[in-house]
Amino acid sequence: MTGGRNVQSIWAGLLLAFAGMVAGVMPALAQELPGRRDALRLIYPADADVESVVTPHPSLSEGQVALLSTAISEGLMPQMVFYGALAIAPDNGLADPQTTVAVGNFHDEASASADALARCDAARAADATPCVIVLVVRPAGWAPGAALQMSSGAAAALQTEFRQADQPRYFAISYATGRFGIGPSAETAQAACGQADCQAVVADR
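Counting from 1, residues in each chain are numbered in the order their sequence is written. Local features are withheld for residues below a pLDDT of 70 in this predicted model, meaning they are given only at 70 or higher, and side-chain atom pairs are given and counted only at 80 or more; totals for whole chains, interfaces and linings count all residues. To obtain the side-chain values, all non-hydrogen atoms of the structure were included, while hydrogens and water were left out.

Whenever Lys or Arg places a side-chain nitrogen within 4 Å of a carboxyl oxygen from Asp or Glu, that contact is recorded as a salt bridge. A full pass over the atoms with the stated rule returns 6 salt bridges. Between R138 and E51 there is a salt bridge whose closest N-O contact spans 2.8 Å. One end of the pair, R138, is in strand β4 (residues 132-139); the other, E51, is in strand β1 (residues 50-54), and 87 residues separate them in sequence. One connected set of salt bridges, linked through shared partners, spans E51, E109 and R138. Strands here are runs of E lasting at least two residues and helices are runs of H or I lasting at least four, both read from the DSSP assignment and numbered beginning at the N terminus.

Here it is in structure tokens:
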């Protein structure tokens, strides 16, 4: 927030000038969140082509690396829409259904990887080798540094459900879980999102 300090009357002229500056700044602050149209230009569309990136690990055979390399294009893991990640416990191997964890529909690659690792580590033996990420799924042509990222599901909701909501309308997302919510205020959108880390990222007022 921008605020002024109490000053003596001798500074009245300066205070008035400062007040004018604040009045000019406040509309800019109110527009800090992108609107729906601008947000759609920043994110990948829900049906964007995806790319899968394999990080080979010594515990994987050449055949398993090859399988991972084509798993997304062959539709073997349809739940891994962007952004997604697959974690394995090296001591258990890729084929262990308890410790091999695939997640998708997160708002960025880092969050998907963190969730997959946490689930995998929770399932492995306490004295086993920590889990590792061996596959990530992201939109084709992805590059770091985007001003805004959203999951495939959130991008679809922004395109349709959010557009149909009355204004004012806000769109909130949870990076930790991939959840999102829509509401007539930032607070109601965050409540609809339902997670402690939910934050409003799009607003049409």
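Two cysteine sulfurs form a disulfide in these notes if their separation is within 2.5 Å. Evaluated as defined, the whole model comprises 2 disulfides. In this model, C120 is linked to C131 through a disulfide, with the two sulfur atoms separated by 2.0 Å. Torsion about the S-S bond of the C120 and C131 cystine: about -80°, corresponding to left-handed handedness. Highlighted residues: C120 in helix α4 (residues 109-123) and C131 in the loop between α4 and β4, separated in sequence by 11 residues. Note on accessibility: C120 and C131 belong to one class, buried. Numbered in order of appearance, the disulfide-bonded cysteines of the protein chain are paired 1-2, 3-4. Buried means the residue's accessible area, taken with a 1.4 Å probe over protein chains only, is under 20% of the maximum for its type, while exposed means over 50%, and partly exposed covers the values in between.

What follows covers the environment of V132. One can find V132 in strand β4. The exposure class assigned to V132 is partly exposed, which follows from its relative accessible area of 23%. Among all residues touching V132, those that are not within four sequence positions of it are H57, L86, A87, I88, P90 and L117. Working rule for contacts: check all heavy atoms of both residues, and any pair within 4.5 Å makes them a contact.

In this description, strands pair whenever DSSP reports at least two bridges between them. The sheet built from 4 strands is open, its strands ordered β1-β4-β2-β3 with antiparallel pairing. The open sheet is flanked by β1 and β3 (101-103), the only strands paired with a single partner. For this sheet the average axis-to-axis angle between neighbouring strands, irrespective of direction, equals 10°. Packing of helix α3 (residues 62-71) onto the sheet brings it into contact with β1, β2 (84-88) and β4, and relative to β1 it is tilted by some 165°. Convention adopted: a line fitted to C-alpha atoms gives each axis, helices being fitted over their contacting stretch, and angles between N-to-C directions are expressed from 0 to 180 degrees. Strands in contact with α4 are β2, β3 and β4; relative to β2, the strand with the most contacts, it is inclined by about 30°.

So, on to the packing of aromatic side chains. Only centres within 6.5 Å qualify two rings of Phe, Tyr or Trp (six-membered ring in Trp) as a pair; their planes then separate them into stacked at under 30 degrees, edge-to-face at over 60, and tilted for everything else. For the structure shown, the criterion picks out 3 aromatic pairs. Each ring, one from F82 and one from Y83, has its centre 5.5 Å from the other, and the planes form 80°; the classification is edge-to-face. Using a relative accessible area of 1% as the deciding quantity, one classes Y83 as buried. Residues F162 and F171 carry aromatic rings whose centres are separated by 5.8 Å and whose planes lie at 75° to one another, so their mutual orientation is edge-to-face. Here the aromatic residues F162, F171 and F180 are joined through ring pairs into a cluster of three or more. Throughout this description, the term charge over a ring refers to an Arg CZ or Lys NZ atom that lies within 6 Å of the ring centre and within 35 degrees of the ring normal. Taking the ring centre of F162 as reference, the NZ or CZ of R169 above it sits at 5.2 Å.

What follows deals with unusual backbone geometry. Phi is mostly negative for residues that are not glycine, and the peptide bonds are mostly trans. Here the bond from F82 into Y83 is cis, since omega is -5°, no more than 30 degrees from zero. Tracing the backbone through its elements, the reader meets Y83 in the loop between α3 and β2. Note the cis peptide between Q167 and P168, where omega equals 0°. Checked against the element boundaries, P168 lands in the loop between α6 (161-164) and β5 (169-173). Located in the positive-phi region is N105, a residue other than glycine, with phi close to 70°.

The subject of this paragraph is the environment of R124. Among the structural elements, R124 can be located in the loop between α4 and β4. Spatially, the C-alpha atoms of R124 and T99 are 6.0 Å apart, while their sequence positions differ by 25 residues. Discounting residues that sit within four places of it in the chain, R124 has contacts with A89, T99, T129, P130 and C131. As used in this structure description, the phrase polar contact means that two N or O atoms lie within 3.5 Å; if the pair is within protein, one of them must be able to donate a hydrogen and the other to accept it, and residues adjacent in sequence are counted only when both atoms belong to side chains. Polar contacts involving the side chain of R124 include one to the side chain of D121, which spans 2.7 Å.

The next thing to look at is helix α5 (residues 152-159). Looking only at α5, the buried set comprises S152, A154, A155, A157 and L158. At its buried positions, α5 is contacted by α2 (36-42), α6, β5, β6 (180-183) and β7 (199-204).

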